[in-house]
Amino acid sequence: MMFAQVDFWDLAWVLLYLAAVGYLGWLGYSHTKNATDYLVAGRKVHPFIMAMSYGATFISTSAIVGFGGVAGLFGMSLLWLTFFNIFAGIFVAFIVLGGPTRRMGHRLDAHTFPELMGRRFESRFIQVLAGLIIFCVMPLYAAAVLIGGTEFMATAFGLDYNTALFVFAVVTGVYVFFGGLKGVLYTDTFQGVIMTVGMLILLIWAYVSVGGVVTGHTDLTAMKDQVFIGFKKIGHQGWTSMPQFGWGKPDYNLWWIVVSTLVMGVGIGVLAQPQLVLRFLTVKSGRELNRALVYGGTFILLMTGVAFTVGALSNIYFFKREKVVGRILSREEAKVIAKKEPGQKPATVPCVLLHVDTTGSGKADTHLVERGIDTAGPDGKTIPWSKLMRQAQITPLPDGRAEILPRASSFTRAVVPAGPDWVFNPDSIIPTYITAAMPRWFKVVFLLTLLAAAMSTMSSQCHTLGSAIGHDVFEQLSGREKPGQPPPQATGDKRTIPVEFANSGRSDSAAQKSNRTIVIVRAGIVVGLLLAVTFAYFTRGGYIIARATAIFFGLCASAFLPAFVGGLFFRRITKAGAISSMVVGLVVTGFWLVFVKEAEAGAIGLVRLVTGGPNSILANYPNWPVVDPLFVALPLSALTALVVSLFTRPPADTHLAKCFGAGSS
Amino acid sequence: MLGIEDKWVALAYLLCLAASALCITYGLLRWNQGDEPVEEADQRWAEHETRESEEL
């Protein structure tokens, strides 16, 4: 049965949650509405609400399920990302960027991130380019959010992956279209509170179940000989250690994956997230940002800090404590895929799989490795998988069932079907842990946590994506100005603006244009969501959630960050400097992903097609193929902004006065 | 430290807590600072934003 593990109460709680979200959305429409309405009325948003809204937008299923699963693979070194999330994503973003962004955004009457950039640099090209980048790449991040929720539903409720994807996409998609886009603060806050409660319970339960903080960490440290052999070869030294650091040997690959892609790519990329930057525009003053820090700093610690810690600790549970009781329906000799690169033979682990029915439904719902099978390697030598993989311990019970101790690491425990194959799927680690280690009622709590995390993030993603294509690309390319365009004499903009647009009244042509824009916005959102669902449908395994998120965050950092920060703080940065910086960031990132970064270049396949050999043009230069594009693109982008600005004409004083305020110098 | 083998990972663990504490302390110390009057530009921006949001 499709919903074999979903009972009445599961459905009842989900429906109750959706009803509560719907009610709060209606309440928001009929009363206080959104942050902007507060501002119109000259009122301030409560800092708790502002922080929760920002946090719920920031943190998604990607962070909890995707990056939590990566912590299950690579360990607590991922906590460096939590530090960056809090310090850069909250402290620096709120205190350093928040105020200037809000002031400049209001002075320039900017309503989207590309519009802010375009008006700061008096460039329609910048606005269109930024809009196109967001529209093209945001679906990748939306897919990561979808996959996170889907993996949990598939594992926790016994759904097949495609059904779970359909259900999750429909629920979040309906929410986005029926009110989510407006970003009602009550709804965001409610979702933030649910996320906080869910993650707090998870943290306490996880630490208590491993005997406390120090005992848990000590046990995890002692497990380092259980690290999967494939990870040892690239520098994994245990779940409480950093990967081996160095340059020029494959042994150092993991350090560069963890630090350059996962920690720096996402940790720095958060500063130039279009959907987060917009949140600053709705704040009344710096005082609200100061106050929101108190809640924001706590919220992010409870989200990513808990997910990464629990992800790592899950190894102790699976190795030492898990007991699976059920009927063994079948045994299967299978080659479980550990790593799959396009165009190359997948790296597999030959082993005996147990298919176990733990619910009495007559269908296998749990798949465990019983033991490894020795096999001949490419060089003819035997690979002793029977020794490299821990053997599960099976005790028959009198009623025909069996008690099984999997004695697995998180990686080898997360066995899932993918088409005709079996894969070790890191994105299933957190869902498997929640299903196996937590009480049944928590599955529903966690599902609500993930629904809340996905809904709040996806609504802002869709809003940003739709406005990027409608407002920033279509409106600009259609050659008409929008009603909110600042007076040309104030901005230095030479374009003429019809009189009626400068006032709040609307002409017929303005209304027609507005209608067309709305159609484009909605079509853009539909296309973006379909792209996200398509991507989620075709990709599974290889910690794809974290990788897709890192690509989006890294690209935003490389293409936007130097021009954005430069535009906020430096008067001397010029339009040419900003354009060239964005183009360099975009081109270098694109080049790196297509030709150098092995995983992404392999998926694209151009290098392999041309050379008939490896996936990366730097395949023979160890470590380069795993270095994130950000490491190269961001410095080049920043340098370009600096150098080009120094050699080009500075912006007019009148325009700078408009951007920075008349009284500033 | 704290049962964590590598000092760099232990440092990350402590820095997470420290960064969170920094946010809380800074926010509490400056709880009443930074208030700014709503200016004409703020009002105009908010009205435009509301109208566009309603249309959407």
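These numbers come from a predicted model, not from an experiment.

## Side note on the overall build of chain B
Then, number 1: In terms of regular secondary structure, chain B is built from two helices and zero strands.
Then, number 2: Against the globule reference of 10 Å for 56 residues, chain B gives a C-alpha radius of gyration of 21 Å, more extended than a compact globule.
Then, number 3: For chain B, the C-alpha atoms occupy an extent of roughly 55 × 30 × 10 Å along the three principal directions.
Then, number 4: Each of the 56 residues in chain B was classed as buried or not, and the buried ones make up 27%.

## Focus: the overall build of chain A
Then, number 1: When helices and strands are counted, chain A shows 27 helices and nine strands.
Then, number 2: By sequence separation, contacts in chain A at least 24 residues apart represent 74% of the contacts at least 6 residues apart.

## A word on the pairing of strand E6 (residues 393-396) of chain A
Then, number 1: Two elements, E6 of chain A and strand E7 (residues 402-405) of chain A, share four bridges in a ladder whose sense is antiparallel. The partner of Gln 393 of chain A across the bridge, within E7 of chain A, is Leu 405 of chain A.

## Regarding helix H1 (residues 7-29) of chain B
Every α-helix winds through 3.6 residues per turn, so residues three or four apart in the chain are directed the same way.
Then, number 1: Over its 23 residues, H1 of chain B runs 31 Å from end to end, which matches the ideal 33 Å to within 8%, given 1.5 Å per residue.
Then, number 2: Taken together, the buried positions of H1 of chain B are Val 9, Ala 12, Tyr 13, Cys 16, Ala 19, Ser 20, Cys 23 and Gly 27 of chain B.

## Focus on the interface of chain A and chain B
A common way to express how large an interface is: the accessible area buried when the components associate.
Then, number 1: Contacts between chain A and chain B engage 51 residues on the former and 41 residues on the latter.
Then, number 2: At the level of secondary structure, the elements contributing two or more residues to the side of chain A that touches chain B comprise helix H2 (35-40), helix H5 (79-107), helix H10 (213-222), helix H14 (286-321) and helix H21 (508-538) of chain A.
Then, number 3: Tallying contributions element by element places H14 of chain A first for the side of chain A that touches chain B, with twelve residues.
Then, number 4: Residues of the side of chain A that touches chain B, tallied by class, amount to 21 nonpolar, 23 polar and seven charged.

## Some words on the pairing of strand E3 (residues 366-372) of chain A
Residues and elements named next belong to chain A.
Then, number 1: Among the seven residues that make up E3, five are buried, leaving the element largely enclosed by the rest of the structure.
Then, number 2: Relative to E3, strand E2 (residues 347-357) runs antiparallel, the two being bridged by six bridges. Residue pairing in the sheet places Leu 354 in a bridge with Leu 368 of E3.

## Side note on the environment of Trp 592 of chain A
Residue and element names in this part refer to chain A.
Then, number 1: By secondary structure assignment, the location of Trp 592 is in helix H23 (residues 575-596).
Then, number 2: Looking at Trp 592, the number of C-beta atoms within 10 Å reads 24, which means it is buried.
Then, number 3: Sequence separation of Trp 592 and Val 627 is 35 residues, and the distance between their C-alpha atoms is 9.2 Å.
Then, number 4: Other than its neighbours up to four places away in sequence, Trp 592 contacts Lys 597, Pro 629, Val 632 and Ala 633.

## A word on helix H26 (residues 629-646) of chain A
Residue and element names in this part refer to chain A.
Then, number 1: In a regular helix each residue adds 1.5 Å, so 18 residues correspond to 26 Å; H26 covers 26 Å between its end C-alpha atoms and thus fits that length.
Then, number 2: Buried within H26 we find Pro 629, Leu 630, Ala 633, Leu 634, Ser 637, Thr 640, Ala 641 and Ser 645. Taken around the axis of H26, the buried residues stretch over an arc of 130°, which confines them to a single face.
Then, number 3: Tucked inside the fold, the buried residues of H26 contact helix H12 (253-269), helix H22 (544-569) and H23.

## What to know about the environment of Ala 559 of chain A
Then, number 1: Inspection of the secondary structure puts Ala 559 of chain A in helix H22.
Then, number 2: Apart from residues lying up to four places away in sequence, Ala 559 of chain A is in contact with Ile 133, Met 582, Gly 585, Leu 586 and Thr 589 of chain A.

## Remarks on the nonpolar core
Then, number 1: Core analysis: the largest hydrophobic core is formed by 208 residues, its most contacted members being Met 76, Leu 78, Leu 79, Ile 86, Leu 146, Leu 262 and Met 303 of chain A.
Then, number 2: The biggest single contributor to this core is H14 of chain A, with 20 residues.
Then, number 3: Two domains each provide a minimum of three residues to this core, namely domain 1 (8-316 + 443-660) and domain 2 (325-407) of chain A.
Then, number 4: Not counting chain neighbours up to four residues away, the residues in contact with Leu 79 of chain A comprise Gly 305 and Phe 308 of chain A together with Val 9, Ala 12, Tyr 13 and Cys 16 of chain B.

## Quick word on the domain arrangement of chain A
Residue and element names in this part refer to chain A.
Then, number 1: By domain assignment, chain A separates into domain 1 (8-316 + 443-660) and domain 2 (325-407).
Then, number 2: Listed per partner, the contact involves ten residues of domain 1 and ten residues of domain 2.
Then, number 3: Listed by contribution, the elements that provide at least two residues to the side of domain 1 that touches domain 2 are helix H11 (229-232) and helix H24 (598-604).
Then, number 4: Of the residues in the side of domain 1 that touches domain 2, the class split is two nonpolar, seven polar and one charged.

## Describing the environment of Arg 107 of chain A
Then, number 1: Within the element layout of this structure, Arg 107 of chain A appears in helix H5.
Then, number 2: For the pair formed by Arg 107 of chain A and Gly 22 of chain A, sequence separation is 85 residues and the distance between their alpha carbons is 35 Å.
Then, number 3: Among residues more than four places away in sequence, those in contact with Arg 107 of chain A are Lys 658, Cys 659 and Gly 661 of chain A together with Ala 41 of chain B.

## Digging into the packing of helix H6 (residues 113-120) of chain A against helix H7 (residues 124-156) of chain A
All names here are of chain A.
Then, number 1: At a minimum axis separation of 7 Å, H6 and H7 run at an interaxial angle of 160°. Taken as axis vectors, H6 and H7 run roughly antiparallel relative to one another. In this structure, H6 crosses over H7, and the sense of that crossing is right-handed. Together, Phe 113, Pro 114, Glu 115, Met 117 and Gly 118 of H6 and Arg 124, Ile 126, Gln 127, Ala 130, Gly 131 and Ile 134 of H7 make up the contact between the two elements.

## A word on unusual backbone geometry
All names here are of chain A.
Then, number 1: Positive phi is not limited to glycine here, since Arg 407 has a value of about 50°.
Then, number 2: Mapped onto the elements, Arg 407 comes out in the loop between E7 and helix H16 (410-413).
Then, number 3: With a phi angle near 85°, Asn 623 is a residue other than glycine that sits in the positive phi range.
Then, number 4: Inspection of the secondary structure assignment puts Asn 623 in the loop between helix H25 (606-611) and H26.
Then, number 5: Exposure remark for Asn 623: the 19 C-beta atoms within 10 Å place this residue in the partly exposed category.

Cut-offs used in this document
- Residues numbered from 1 in each chain as written.
- Chains lettered and ligands numbered in written order.
- Predicted model: local features only at pLDDT ≥ 70, side-chain atom pairs only at ≥ 80, totals over all residues.
- Helix = DSSP H or I, 4+ residues; strand = E, 2+ residues; numbered from the N terminus.
- Rg over C-alpha atoms; globule rule 2.2 N^0.38 Å.
- Buried ≥ 20, exposed ≤ 12 C-beta atoms within 10 Å, placed from the backbone.
- Contact = placed C-beta atoms within 7 Å.
- Pairing = 2+ DSSP bridges.
- Expected span 1.5 Å × (residues − 1).
- Nonpolar A, V, L, I, M, F, W, Y, C, P; charged D, E, K, R; others polar.
- Arc of directions from axis to C-beta.
- Core = buried A, V, L, I, M, F, W, Y, C linked by C-beta atoms within 7 Å.
- Domains from an automatic or database assignment.
- Axes fitted to C-alpha atoms, helices over the stretch in contact; angles between N-to-C directions.
- Parallel < 35°, antiparallel > 145°, perpendicular 65-115°, else oblique.
- Left-handed = near helix turned anticlockwise from the far one by under 90°.

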